[in-house]
Amino acid sequence: MILTDGAIHDYRETVRQLVDASKLPLSVIIVGVGRADFDTMEDLDCDKGVLRDSYGNPAERDIVQFVPFRDCARDIDSLRKHVLAEVPHQLITYFRRRGIAPNPRVEVNYPSF
């Protein structure tokens, strides 16, 4: 989780790192604090399209979730919901692209007391 005031001083390098990291079992959650302009943070969250580095290489999958704190500062449940909203899909996407299936269900018999 990254807390930020909105300023990215090395945007191209940040995008390159995120594109590279999209191959890993990783989720990046960014919470924007303050009144800054978060347009560049919104660009990192691939909700509007595929993130591409300066060489045109696409991210393998969306790993970034950006949440402006001001949108849910008064409601902790809303903050929790928005911060974690994309993580399950990001995890499933990683496993499916790698051909990793869930383990079979195991029945557990608990002793009765």
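Only a predicted model underlies this, so the values are computations on that prediction, with no experimental measurement involved.

Novice: Is there a simple way to explain the overall build of the chain in this structure?
Specialist: When helices and strands are tallied, the chain shows four helices and three strands. Referenced to the eigenvectors of the C-alpha coordinate spread, the extents of the chain come out at roughly 60 × 40 × 20 Å. Put simply, the chain has 113 residues, and 31% of those count as buried. For the chain, the computed accessible surface area is about 8,200 Å², with 55% contributed by carbon and sulfur atoms. Computing the positive centroid from 15 side-chain charges and the negative centroid from 18, the chain places the two 4 Å apart.

Novice: Before we go on, may I ask you to explain the packing of aromatic side chains in this structure?
Specialist: How two aromatic rings sit relative to each other is given by the distance of their centres and the angle of their planes. Tallied over the full model, the rule gives two aromatic pairs. Ring geometry for Phe38 against Phe66: centres 5.4 Å apart, planes inclined by 50°, an arrangement best described as tilted. Taken together, the residues span a long stretch of sequence, with Phe38 in the loop between strand 2 (28-32) and helix 2 (39-44) and Phe66 in strand 3 (residues 64-68) at a distance of 28 residues. For Phe38, a relative accessible area of 4% translates into the label buried. The class of Phe66 is buried, set by a relative accessible area of 6%. Ring geometry for Tyr94 and Phe95: centres 5.8 Å apart, planes at 65°, overall edge-to-face.

Novice: Looking at this structure, I do not really get the pairing of strand 2. What am I missing?
Specialist: Where a strand is regular, its side chains alternate between the two sheet faces. Counted residue by residue, strand 2 has five buried out of five residues, so it is predominantly covered. Side-chain alternation along strand 2 places Val28, Ile30 and Gly32 on one buried face and Ile29 and Val31 on a second face that is also buried. The sheet contact formed by strand 1 (residues 2-4) and strand 2 spans three bridges and is parallel. Within strand 2, the residue paired with Ile2 across the bridge is Ile30. What joins strand 1 to strand 2 is helix 1 (residues 11-21), and the crossover it makes is right-handed. In this fold, the crossover linking strand 2 to strand 3 by way of helix 2 has right-handed handedness.

Novice: So what exactly am I meant to see when it comes to the pattern of salt bridges here?
Specialist: Where side chains of opposite charge bring their charged atoms close, a pairing between them can arise. Under the definition given, this model contains five salt bridges. In this structure, Glu13 and Arg16 form a salt bridge, with 2.7 Å as the shortest nitrogen-oxygen distance. A residue pair is termed a helical-turn pair when its members lie 3 or 4 positions apart in one helix, as Glu13 and Arg16 do in helix 1 at three residues. Overall, the relative accessible area of 33% leaves Glu13 in the partly exposed class. The class of Arg16 is partly exposed, set by a relative accessible area of 29%. Put simply, Glu13, Arg16 and Asp20 are held in one network by salt bridges that share partners.

Reading the values: the criteria
Residues numbered from 1 in each chain as written. Predicted model: local features only at pLDDT ≥ 70, side-chain atom pairs only at ≥ 80, totals over all residues. Heavy atoms only, no water. Helix = DSSP H or I, 4+ residues; strand = E, 2+ residues; numbered from the N terminus. Buried < 20%, exposed > 50% of the residue type's maximum accessible area, 1.4 Å probe, protein only. Areas by Shrake-Rupley, 256 points an atom, 1.4 Å probe, with all protein chains shown as cover. Lys, Arg positive; Asp, Glu negative; His and termini not counted. Charge placed at Lys NZ, Arg CZ, Asp CG, Glu CD. Phe/Tyr/Trp six-rings, centres within 6.5 Å; stacked < 30°, edge-to-face > 60°. Pairing = 2+ DSSP bridges. Right-handed = clockwise from strand over helix to strand, strands pointing away. Salt bridge = Lys/Arg side-chain N within 4 Å of Asp/Glu carboxyl O.

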